Amino acid sequence: MNGPNGVANGTLPSVLQTDYLIVGTGPAGASLAAFMASYGMKGLIVSQDSSNADTPRAHITNMAAIDCLRDIGLDVECYKAGTKNDTMVHTRWSNTMAGQEYGRIYSWGNDPKRKGDYELASPSEMLDLPQTLMEPLLMRYATLNGFKCRWDTEFVSFEQDEKGVTTTFLDRISQTTFQVRSKYLFGADGARSKIVRQAQIPLIRRPGQGFAVNVLMHADMSHLMEHRKGNLHWILQPNLETPEWGWIGCMRMVKPWYEWLCIIFTTPDAPREVRSEEEYVKRIREMIGDDSVEVKVLGVSTWAINETAAEYYTKGNVFCLGDAVHRHPPNHGLGSNTCIQDAHNLAWKINFVEKGLAGRELLDTYSVERQPVGLDVVTQANASLRNHKNIWEVLGNLEPTVEERMKAHAEIYADSPEGHTRRERLSKALRAIDREEHGLGIEMNQRYVSSAVYQADQGAMPVFSRDPLEHYHATTYPGARLPHAWLCNHIPSKYISTIDLAGKGHFTIFTGIGGQHWKATAEQLSAELGVPIRVYSIGYGQDYKDVYLDWEGIRGVGDSGCVLVRPDYFVAWRCPSWGEEAPSKLKHVLKSVLSLH
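So, how was this worked out
- Residues numbered from 1 in each chain as written.
- Predicted model: local features only at pLDDT ≥ 70, side-chain atom pairs only at ≥ 80, totals over all residues.
- Heavy atoms only, no water.
- Core = buried A, V, L, I, M, F, W, Y, C linked by side-chain atoms within 4.5 Å.
- Buried < 20%, exposed > 50% of the residue type's maximum accessible area, 1.4 Å probe, protein only.
- Helix = DSSP H or I, 4+ residues; strand = E, 2+ residues; numbered from the N terminus.
- Domains from an automatic or database assignment.
- Contact = heavy atoms within 4.5 Å.
- Pairing = 2+ DSSP bridges.
- Axes fitted to C-alpha atoms, helices over the stretch in contact; angles between N-to-C directions.
- Expected span 1.5 Å × (residues − 1).
- Bend = angle between axes of the 7 residues up to and from the residue.
- Left-handed = near helix turned anticlockwise from the far one by under 90°.
- Nonpolar A, V, L, I, M, F, W, Y, C, P; charged D, E, K, R; others polar.
- Buried area = accessible area lost by both parts, 1.4 Å probe.
- Salt bridge = Lys/Arg side-chain N within 4 Å of Asp/Glu carboxyl O.
- Polar contact = N/O pair within 3.5 Å; in protein donor to acceptor, adjacent residues only side chain to side chain.
- pLDDT = per-residue confidence, 0-100.
- Phe/Tyr/Trp six-rings, centres within 6.5 Å; stacked < 30°, edge-to-face > 60°.

Structural notes on the nonpolar core
Now for step 1: Counting 91 residues, the largest nonpolar core has Met36, Phe186 and Phe507 as the members making the most contacts within it.
Now for step 2: The dominant element in this core, judged by the number of residues it contributes, is helix H8 (residues 335–354), at nine residues.
Now for step 3: Looking at which domains feed residues into this core, each of domain 1 (15–83 + 125–204 + 311–381) and domain 2 (448–594) supplies at least three.
Now for step 4: Residues in contact with Phe186, not counting those within four places in the same chain, are Tyr20, Leu21, Ile22, Val23, Leu32, Met36, Phe319, Leu321, Leu346 and Ile350.
Now for step 5: One finds Trp93, Trp108, Leu216 and Ile412 within the second-largest nonpolar core, a separate group that totals 38 residues.

Shown next as structure tokens:
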């Protein structure tokens, strides 16, 4: 007797069949499954673990990533699960949590001088959403919308041919191996990726910066936080003879103000090891500095501080993403955010190719576009950690003995040329970290150059007028992110962002008064090419009103021109005005962007 899949009850086929196979249920794999599921695609996602992440790991969730999740309506659930930005107001440096503070800076868009920049950049808001809470949201969406999931399933190897990939797995429960045949294999299997290694994708490896230990703990410090609000608290103790395994700490809020991750940095030459729970509790209590706080350890894990990026992300029908291809410390809070954006870029391209709406060459643009972004993230995150070490040095922590550390530390307070110089160095180091905590530019300034954007008739790419790491530069130049602007109906109604009109698996054209012909042209091309295109006219008496005239200032084209946007919110092309040649040019651009021959 056969079951519903034509398989004899109690047995499994020798090779399971699925179109899309994802290895890894972290932010990269889970978001890829969710985005693909939103397009009606069905597949299988597997993890060697028995459940989602059991430690918070990534937590800063920036607006670029939230915008991607907004595309499938998951942003609402993220806001419910996460902690709002008003608890992320500061990053601090102090001797203990309860004791003397050496310095603080505003962080994550909370600087009064920067709040407007953040509000203008996106309809979304910064959020502290630990990986333990994010992953279940993504997996629930994926599995409710077409993806199956297998836990306790360890990747062993893969072989690919012209028609697809055969992947071998070990079922950790039964200790038996089985195979899965798929069109594509997506490697989101983390920083020690077996898939990247077996695909022989070369890695750019720079010297790492040692190891760190994450101690997840319950410690109610709510009584300390009224005047210390922030989600990152660096603990520097030049006055103590600290052990090499417990040199410097960072108290990271998980849930205010009772659940924390104490990130413990070892001295540069310390071995990678796990100490006893009693040793960690003793050291953490020294960092808290308040004997009334009870510490309960919930979990301990170690991690390497990497500076590694893949030279490219794909080989044949194997596509890698997330930590598998970019590995770096958590500075800038870019880890899970970059993973999600990798997935958003890749998902629509797979969807279009599989539906016959694009040529296979479109898939090549995934690596071309995302690899430079990943390499930049790796570089900047490690540079920012080195900036932190400047603060450690100025405050005396790098000296070899307590006596020498305190002598250097005392200069901070001295009325002397040496004291003045050290204070200047501390101010400079803190300002450098402010560029990290307000790195809106590195979060949102991606500029793609590939065949999936049409730049041939656009002239030179606009130069950045301000620091591209710190400041977002809104532009509709092809290859840039679609700028956000608030729109509404002419009879005042709820605002809608330009971002919300784009995405959702279709191309979008934005035009204005005099551009009504783009609608008919898009409808004709959609029928001819099968490509879903939506057209919106913005302006007086049009589909939407430009509420604050922000769109008029950043659209980069005339009233009758158009801005063509891809399903991942990136501008594919723009035309300054409507003309007789516009229909043929739009067709040419679409075929070029989608590699249709």
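A look at the environment of Phe265
Now for step 1: In this structure, Phe265 sits in strand E18 (residues 259–265).
Now for step 2: The exposure class of Phe265 is buried, given its relative accessible area of 8%.
Now for step 3: For Phe265 and Val89, which are 176 residues apart along the polypeptide, the C-alpha to C-alpha distance reads 23 Å.
Now for step 4: Leaving out residues up to four positions away in the same chain, Phe265 has contacts with Phe211, Ala212, Trp234, Gly246, Trp247, Ile248, Cys250, Ile305 and Trp392.

Quick notes on unusual backbone geometry
Now for step 1: Cis geometry marks the peptide bond from Pro256 to Trp257, where omega comes out at -10 degrees.
Now for step 2: Even without being a glycine, Leu549 presents a positive backbone phi close to 60 degrees.
Now for step 3: Relative to the helices and strands, Leu549 is located in the loop between strand E28 (545–546) and helix H15 (550–554).
Now for step 4: Positive phi, normally seen in glycine, also occurs at Tyr569, with a value near 75 degrees.
Now for step 5: You can see Tyr569 is positioned in the loop between strand E29 (562–565) and strand E30 (571–575).

Quick look at the sheet that holds strand E12 (residues 176–182)
Strand pairs in the sheet, formed through backbone hydrogen bonds, run parallel or antiparallel to each other.
Now for step 1: The four strands are arranged E1-E12-E11-E10 in an open sheet whose pairing can be described as mixed. The sheet is open, and its two borders are formed by strand E1 (15–17) and strand E10 (153–161), each paired with just one other strand. Averaged over all adjacent pairs, the angle separating strand axes in this sheet is 25 degrees, with direction ignored.
Now for step 2: Judged from the seven bridges that link them, strand E11 (residues 164–171) and E12 form a sheet pairing that is antiparallel. Paired with Thr167 across the strands is Val180, a residue of E12.

Considering helix H9 (residues 364–394)
Now for step 1: Here H9 spans 47 Å end to end across 31 residues, near enough to the 45 Å set by a 1.5 Å rise per residue.
Now for step 2: Of all the bends in H9, the greatest, near 30 degrees, is centred on Arg370, and the proline Pro372 appears no more than four residues after it.
Now for step 3: Two residues or fewer after H9 comes Gly396, characterised by a positive phi angle close to 100 degrees.

What to know about the packing of helix H1 (residues 27–38) against H8
Now for step 1: H8 packs onto H1 with a crossing angle of 35 degrees between their chain directions and a minimal axis gap of 8 Å. Read as a crossing pair, H1 and H8 show a hand that is right-handed. Across the interface between the two elements, Pro27, Ala28, Ser31, Leu32, Phe35 and Met36 of H1 pack against Ser336, Cys339, Ile340, Ala343, His344, Leu346, Ala347 and Ile350 of H8.
Now for step 2: Each residue belonging to the contact of H1 with H8 can be placed in one class, and the counts come to eleven nonpolar, three polar and no charged.

Quick word on the domain arrangement of the chain
Now for step 1: Splitting the chain by domain gives domain 1 (15–83 + 125–204 + 311–381) and domain 2 (448–594).
Now for step 2: Using C-alpha coordinates to define each centre, domain 1 is positioned 28 Å away from domain 2.
Now for step 3: Each partner contributes residues to the interface: domain 1 has 23 residues there, and domain 2 has 26 residues.
Now for step 4: Between domain 1 and domain 2, roughly 1800 Å² of surface is buried when both sides are summed, and carbon and sulfur atoms account for 59% of that area.
Now for step 5: For the domain 1 face of the interface with domain 2, the top three residues by lost area are Asp71, Trp348 and Glu369, together amounting to 29%.
Now for step 6: On the surface where domain 1 and domain 2 come into contact, there are two salt bridges.
Now for step 7: Here Asp500 ties to Arg70 by a salt bridge, and the two come within 2.7 Å at their closest N and O atoms.
Now for step 8: Remark: the boundary between domain 1 and domain 2 carries ten residue pairs in polar contact (both at pLDDT 80 or more).
Now for step 9: Mapped by element, the contributors of at least two residues to the side of domain 1 that touches domain 2 are helix H2 (63–70), H8 and H9.

What to know about the confidence of the model for the chain
Now for step 1: Overall, the predicted model of the chain reaches an average pLDDT of 95, with 98% of residues at or above 70.
Now for step 2: Across residues 1–10, where pLDDT falls below 50, the model places nine contacts with residues more than four positions away in sequence or in other chains.

Some words on the packing of aromatic side chains
Now for step 1: What the rule picks out here adds up to 27 aromatic pairs.
Now for step 2: Ring plane angle 85 degrees and centroid distance 5.8 Å describe the contact between Trp348 and Phe507, whose orientation is recorded as edge-to-face. Of this pair, Trp348 sits in helix H8 while Phe507 sits in strand E26 (residues 507–511), and the two are 159 residues apart along the sequence.
Now for step 3: Taking the relative accessible area as the measure of exposure, Phe507 reaches 0% and is therefore buried.
Now for step 4: Grouped by ring-pair contacts, the aromatic residues Tyr20, Tyr184, Phe186, Tyr313, Phe319 and Tyr366 constitute a single cluster.

Examining the sheet that holds strand E2 (residues 20–23)
Now for step 1: With mixed pairing, six strands are arranged side by side in an open sheet as E9-E3-E2-E13-E22-E21. Here the strands that pair on one side only, and so sit at the sheet edges, are strand E9 (147–150) and strand E21 (314–315).
Now for step 2: Sheet topology note: the strand E13 (residues 184–187)/strand E22 (residues 318–320) ladder contains three bridges and is parallel. When the sheet's bridge partners are listed, Leu185 is paired in E22 with Val318.

With respect to the environment of Val373
Now for step 1: Here Val373 lies in helix H9.
Now for step 2: Accessibility expressed as a relative area gives 13% for Val373, which makes it buried.
Now for step 3: Here the alpha-carbon distance between Val373 and His326, two residues 47 residues apart in the chain, equals 9.4 Å.
Now for step 4: Apart from the residues lying within four places of it in its own chain, the contact partners of Val373 are Gln446 and Tyr448.

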